[in-house]
Amino acid sequence: MSTPETSRFVRLRVELVLEVDDADAVTKAALRRIADDTGMPADERTHAENAVTEDTAEALAYLVDPFDLVSEVPGVELAQASWSSEPIDYDPDSPDWDLDEDDGDERDDDDEEVGVG
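Residues numbered from 1 in each chain as written. Predicted model: local features only at pLDDT ≥ 70, side-chain atom pairs only at ≥ 80, totals over all residues. Heavy atoms only, no water.

Where do I start with the overall build of the chain in this structure?
Each helix and strand counted, the chain has four helices and zero strands in total. Along its sequence from the N terminus, the chain presents helices and strands in the succession α-α-α-α. Classification of the 117 residues of the chain by burial places 14% in the buried group. Within the chain, contacts between residues separated by at least 24 positions form 45% of all contacts whose residues are at least 6 apart in sequence. If you sum the accessible surface of the chain, you get close to 10,700 Å²; carbon and sulfur atoms cover 47% of it. (Helix = DSSP H or I, 4+ residues; strand = E, 2+ residues; numbered from the N terminus. Buried < 20%, exposed > 50% of the residue type's maximum accessible area, 1.4 Å probe, protein only. Contact = heavy atoms within 4.5 Å. Areas by Shrake-Rupley, 256 points an atom, 1.4 Å probe, with all protein chains shown as cover.)

Here's what the structure looks like:
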């Protein structure tokens, strides 16, 4: 199906809202991951430890790796990834959080959106 006009690159947009029930467990897991990263320079390690200790959203950003999401998908290789996290006010009953609502972006018929929970 590949034609000269078809790009081999696909942008996959994923937005997750996570409920953190145990911020301490998230922080500890991030600190373990940092400790296990033997290739991390000492100054970078100190910065990372401070960031994940001070902010649960930073700890989650350190733990969630886009490569892990696609590493088992046959026929694809992660070319580039960026991600961030931030604390938000979330109201699941608010129409602002309707997963089925058009967010203003043009969507193709091939786009899929999966809700969890």
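Is there a simple way to explain the pattern of salt bridges in this structure?
Side-chain pairing between opposite charges can occur once the charged atoms of the two side chains come close. Per the counting criterion, the structure on display carries one salt bridge. A salt bridge links K28 to D24; the shortest N-O distance between them is 3.1 Å. Placement of both K28 and D24 in helix α1 (residues 23-36) is noted, with a separation of four residues, approximately one turn of the helix. With a relative accessible area of 46%, K28 lands in the partly exposed category. For D24, a relative accessible area of 44% translates into the label partly exposed. (Salt bridge = Lys/Arg side-chain N within 4 Å of Asp/Glu carboxyl O.)

Help me understand the confidence of the model for the chain in this model?
Atomic detail in the predicted coordinates should be set aside for any region of low pLDDT. On average, residues of the chain carry a pLDDT of 83, and 80% of them reach 70 or more. Confidence over residues 106-117 falls short of pLDDT 50; this stretch has seven contacts with residues more than four positions distant or in other chains. (pLDDT = per-residue confidence, 0-100.)

I tried to follow helix α3 (residues 56-63) on my own but got confused; where do I start?
One turn of the α-helix equals 3.6 residues, which is why residues spaced by three or four share an orientation. Of all the residues in α3, the buried ones are A57, A59, L60, A61 and L63. Near the N-terminus of α3, the side chain that reaches the backbone nitrogen of A57, with its oxygen 2.9 Å away, is that of D55. (Polar contact = N/O pair within 3.5 Å; in protein donor to acceptor, adjacent residues only side chain to side chain.)

Would you mind showing me how to read the side chain of T27 here?
Note that T27 resides in helix α1. Leaving out residues up to four positions away in the same chain, T27 has contacts with V52, T53 and A59.

It is not clear to me how a nonpolar patch on the surface should be interpreted in this structure. Could you clarify?
On the surface, a nonpolar cluster with roughly 450 Å² of combined accessible area is contributed by L12, V14, L16 and L18. Tracing the chain through its elements places V14 in the segment before α1. Take V14: its relative accessible area is 56%, and that puts it in the exposed class. (Patch = residues over 30% accessible without salt bridge, like charges linked within 9 Å, V, L, I, M, F, W, Y side chains within 5 Å.)

Hey, could you run me through the nonpolar core in this one?
Looking at soluble globular proteins, one finds that nonpolar side chains tend to be buried together. Grouped together as the largest cluster of nonpolar side chains are nine residues: V26, A30, I34, M40, A48, V52, A59, L60 and L63. Going through the elements one at a time, α1, α2 (42-54) and α3 are the ones with two or more residues in this core. In this structure, V26 is in contact with V20, T56, A59, L60 and L63, ignoring residues within four places of it in sequence. (Core = buried A, V, L, I, M, F, W, Y, C linked by side-chain atoms within 4.5 Å.)

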